Amino acid sequence: MTDARLPDPAMVVLAGAAGSGKSSWAGERFRTAEVVSSDVLRAAVGSGPADLDASAEAFALLDQIVAARSKRSLTTVIDTLGLDQERRAGYRRVAHDAGLPAVLVIMNTAAALCRERNRQRDRPVPAAVLTDQLRKISRLLEAAEEEGWDQLLIIDQDRGVEVPIDDPALDHDHGPNMLPRVVLQVSRFPWGDQDPSSWLRELALTADEIGFDGLALMDHLIQIPQVDRAWEPIPEPWLTLGLLAGLDTNLRLGTLVSPVTFREPGLIAKTVATLDALSNGRAFCGLGAGWWLREHQAYGLDFPSDRQRLDQLQVCIETLRALWAPGTKAYHGRYVHLPETTCYPRPISDVPIIVGGSGERRTLRIVAEQADGCNLPSDQAVLQAKIDILRRHCAAVGRNPASVEITVLDLPVIGTDREDVAVRVERLRGRTPAAVYATRHHAARAVDHARRYLELVDLGVSTIFVALPDLTDADDLARCAPLLAALHG
């Protein structure tokens, strides 16, 4: 009952006697716009926060605001005394009708401290009234569990010592070998009038400095609508990765992912092998079947059927394996026949092949048969279902599923604090309701994402590709530093 990790969005109802610290507690944890205070509303419709004659109008406004915000699935903190059982029941009904969890927060503040704070007010609450409030809180502490709240939080305060608001330690017992690798996936390039190479170099150097394990680029010929406008820049990825390979970093470098329809398999093999040599063994190869007809037509590329593109994916993976293998000899395989396998420089590492896509019948079967790993959506419910299907494919082909690396692509909104998170959501959401957008992108502070990433590890994920939908430049990566620090301990 003292766990301060509250659901979000939610309706949070505060209960406490005068001077118990409700407003201070809420102000330290929530945005001003999220807190609906009867005192503030009395000041708005009356002569001040203690104008009891304005209470009826103030509570009418409060109810209207609560209903409107709940309808939009926005977190709402109700800052009143919270001692009226009927009003508490009404708030629960509004929350549940809107599909929101209802949370009761009881300020269990020492009576002496409440009285001391009350005496310091400009207009203290009469002593008898305060005593009655304290008695009601005492009774509420005994009865609250029977009221039907989705979560009950009791805040104990003694001698003026507030419950700390620092982020608690990550509540997972993960050793260093169980922590995820976090790779920055760069999907937008808003360099504007800056020198593009300088923008890219600074981004990579900063990503390495703050603790990202790698940097991945999308492989598209036109910027995709999910990220930005078609006329925004999107550089050719392998050439760009060659530029970044020359920097003094430890970043793994690769694409997420390259469509096999863009380049012949042999050229992909040569390109990746060269990148691995130039980067001293830091390359990885993301492959996919391709999906966007428009860019293929715009660049005069064939866009065959789904079945044919998946056939090409199988051919590509086998070709890469053949050309990267030791020696120069003829190769005769299941999908590919080559008169020779001359590919120098060879990769100097075992370059992992990561297949992007979650098609249950064919794509995940290809992963089980041929790939080193797969890249799946980060939504936990979807992810678990896909992993289960992949494991069944592994069993069917006789492969240990533990040998297949599970990676995910996450598109988080990461803010420095709750206010920054809200501002970013409002800027990004377009016509999507704020609550829907925030949920879809797990909008939160960095440490909250760190907790979520450890939950993904528990499902079997080893690498998380992070694509920030609002990345601007190298300095903008600073908000990710607390996430990486929390994961790396």
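What you see is a predicted model, and the numbers here were worked out from it, not measured in a lab.

**Student:** Before we move on, could you go through the sheet that holds strand β13 (residues 353-356) and cite the residues and values that matter?
**Tutor:** Taken together, the nine strands give an open sheet; going across it, the order is β8-β7-β6-β18-β15-β14-β13-β10-β9, and neighbouring strands pair in parallel fashion. Bordering the open sheet on either side are β8 (252-255) and β9 (258-259), each of which pairs with just one other strand. Helix-sheet contacts for helix α13 (residues 380-397) involve β14 (373-377), β15 (405-410) and β18 (461-466), and the interaxial angle to β14 is about 150°.

**Student:** Could you give an account of the pairing of strand β7 (residues 214-217), with specific residues and numbers?
**Tutor:** Consecutive side chains along a regular strand alternate between the two faces of the sheet. Residues Gly214 and Ala216 of β7 are buried on one face, and the alternating residues Leu215 and Leu217, pointing to the opposite face, are buried as well. Across four bridges, strand β6 (residues 181-186) lies against β7 in parallel orientation. The partner of Val186 across the bridge, within β7, is Leu217. Since β6 and β7 lie parallel, the crossover through helix α7 (residues 196-210) that links them has a hand, and here it is right-handed. As paired elements, β7 and β8 share four bridges and run parallel to each other.

**Student:** Please give an account of helix α4 (residues 85-97) that cites residues and values.
**Tutor:** Across its 13 residues, α4 extends 18 Å between first and last C-alpha, which sits within 8% of the 18 Å expected from 1.5 Å per residue. Looking at α4, one finds that the buried residues are Arg88, Ala89, Gly90, Tyr91, Arg92 and Ala95. Here α4 starts with a cap whose side-chain oxygen sits 2.9 Å from the backbone nitrogen of Glu86, and that cap is Asp84. Following α4 by one or two positions, Gly99 has its phi on the positive side, about 75°.

**Student:** For the environment of Leu390, give the residues involved together with the corresponding values.
**Tutor:** Position of Leu390 relative to the elements: it lies in helix α13. Judged by its relative accessible area of 3%, Leu390 is buried. Between the C-alpha atoms of Leu390 and Arg361, which are 29 residues apart in sequence, the distance is 9.5 Å. Look past the residues within four positions of Leu390 in its chain and what remains in contact with it is Leu364, Val367, Ala368, Cys374, Val404 and Ile406.

**Student:** Go over the packing of helix α11 (residues 306-324) against helix α12 (residues 363-370), please, and point to the residues and values.
**Tutor:** Where α11 meets α12, the closest approach of the two axes is 11 Å, and the angle between their N-to-C directions is 15°. Here α12 runs roughly parallel to α11, going by the angle between their axes. For the crossing formed where α11 meets α12, the hand is right-handed. Contacts between α11 and α12 involve Leu310, Leu313, Gln314, Ile317, Glu318 and Arg321 from the first element and Thr363, Ile366, Glu369 and Gln370 from the second. A breakdown of the residues in the contact of α11 with α12 according to their chemical character gives four nonpolar, three polar and three charged.

**Student:** I'd like a description of the packing of aromatic side chains, backed by residues and values.
**Tutor:** The full count for this structure, using the stated rule, is six aromatic pairs. Here the aromatic rings of Phe189 and Trp191 are separated by 5.9 Å at their centres, their planes lie at 55°, and the arrangement is tilted. Exposure class is identical for Phe189 and Trp191. Each is buried. Ring geometry for Trp291 against Trp292: centres 5.6 Å apart, planes inclined by 20°, an arrangement best described as stacked. Pairwise contacts between aromatic rings join Phe189, Trp191 and Trp199 into one cluster.

**Student:** Any details on the sheet that holds strand β1 (residues 11-15)? Residues and values, ideally.
**Tutor:** What the five strands build is an open sheet, ordered β2-β3-β1-β4-β5; its pairing is parallel. Of all the strands in the sheet, the pair left with one neighbour each is β2 (35-37) and β5 (151-157). Across the sheet, the axes of successive neighbouring strands diverge by a mean angle of 20°, strand direction being ignored. Strand direction decides the pairing type here: β1 and strand β3 (residues 76-79), joined by three bridges, are parallel. Note that in β3 the partner of Val12 across the bridge is Val77. Packed onto the sheet, helix α2 (residues 38-45) meets β2 and β3 and runs at close to 60° relative to β2. Along the sheet face, helix α5 (residues 111-119) touches β4 (102-109) and β5 and points at about 85° away from the line of β4.

**Student:** So, the confidence of the model for the protein chain: which residues are in play, and what are the values?
**Tutor:** Chain-level pLDDT for the protein chain is 94 on average; 95% of the residues reach the 70-or-more range. Under a pLDDT of 50 for its full length, residues 159-166 has, in the predicted model, eleven contacts with residues more than four places off or in other chains.

**Student:** How would you summarise the pattern of salt bridges if you had to cite specific residues and measurements?
**Tutor:** What the rule picks out here adds up to 33 salt bridges. Glu116 is paired through a salt bridge with Arg119; the nearest N and O atoms lie 3.9 Å apart. In this pair, Glu116 and Arg119 both sit in helix α5, three residues apart, roughly one turn of the helix. Here Arg321 and Asp372 are joined by a salt bridge, their closest N and O atoms 3.2 Å apart. Within this pair, whereas Arg321 is found in helix α11, its partner Asp372 is found in the loop between α12 and β14, the two being separated by 51 residues in sequence. A relative accessible area of 26% places Asp372 in the partly exposed class. If you follow the salt bridges from partner to partner, you end up with Asp420, Arg424, Arg427, Asp470, Asp476 and Arg479 in one network.

**Student:** Any chance you could break down the packing of helix α8 (residues 237-245) against helix α9 (residues 265-278) for me, citing the residues and the numbers?
**Tutor:** One way to put it is that α8 packs onto α9 with a least axis distance of 9 Å and a crossing angle of 10°. Put simply, α8 runs roughly parallel to α9. Facing Trp238, Leu241, Gly242 and Ala245 of α8, the residues of α9 in contact are Thr271, Val272, Leu275 and Leu278. Across the contact of α8 with α9, the residue classes tally to six nonpolar, two polar and no charged.

The rules behind the values
- Residues numbered from 1 in each chain as written.
- Predicted model: local features only at pLDDT ≥ 70, side-chain atom pairs only at ≥ 80, totals over all residues.
- Heavy atoms only, no water.
- Pairing = 2+ DSSP bridges.
- Helix = DSSP H or I, 4+ residues; strand = E, 2+ residues; numbered from the N terminus.
- Contact = heavy atoms within 4.5 Å.
- Axes fitted to C-alpha atoms, helices over the stretch in contact; angles between N-to-C directions.
- Buried < 20%, exposed > 50% of the residue type's maximum accessible area, 1.4 Å probe, protein only.
- Right-handed = clockwise from strand over helix to strand, strands pointing away.
- Expected span 1.5 Å × (residues − 1).
- Polar contact = N/O pair within 3.5 Å; in protein donor to acceptor, adjacent residues only side chain to side chain.
- Parallel < 35°, antiparallel > 145°, perpendicular 65-115°, else oblique.
- Left-handed = near helix turned anticlockwise from the far one by under 90°.
- Nonpolar A, V, L, I, M, F, W, Y, C, P; charged D, E, K, R; others polar.
- Phe/Tyr/Trp six-rings, centres within 6.5 Å; stacked < 30°, edge-to-face > 60°.
- pLDDT = per-residue confidence, 0-100.
- Salt bridge = Lys/Arg side-chain N within 4 Å of Asp/Glu carboxyl O.

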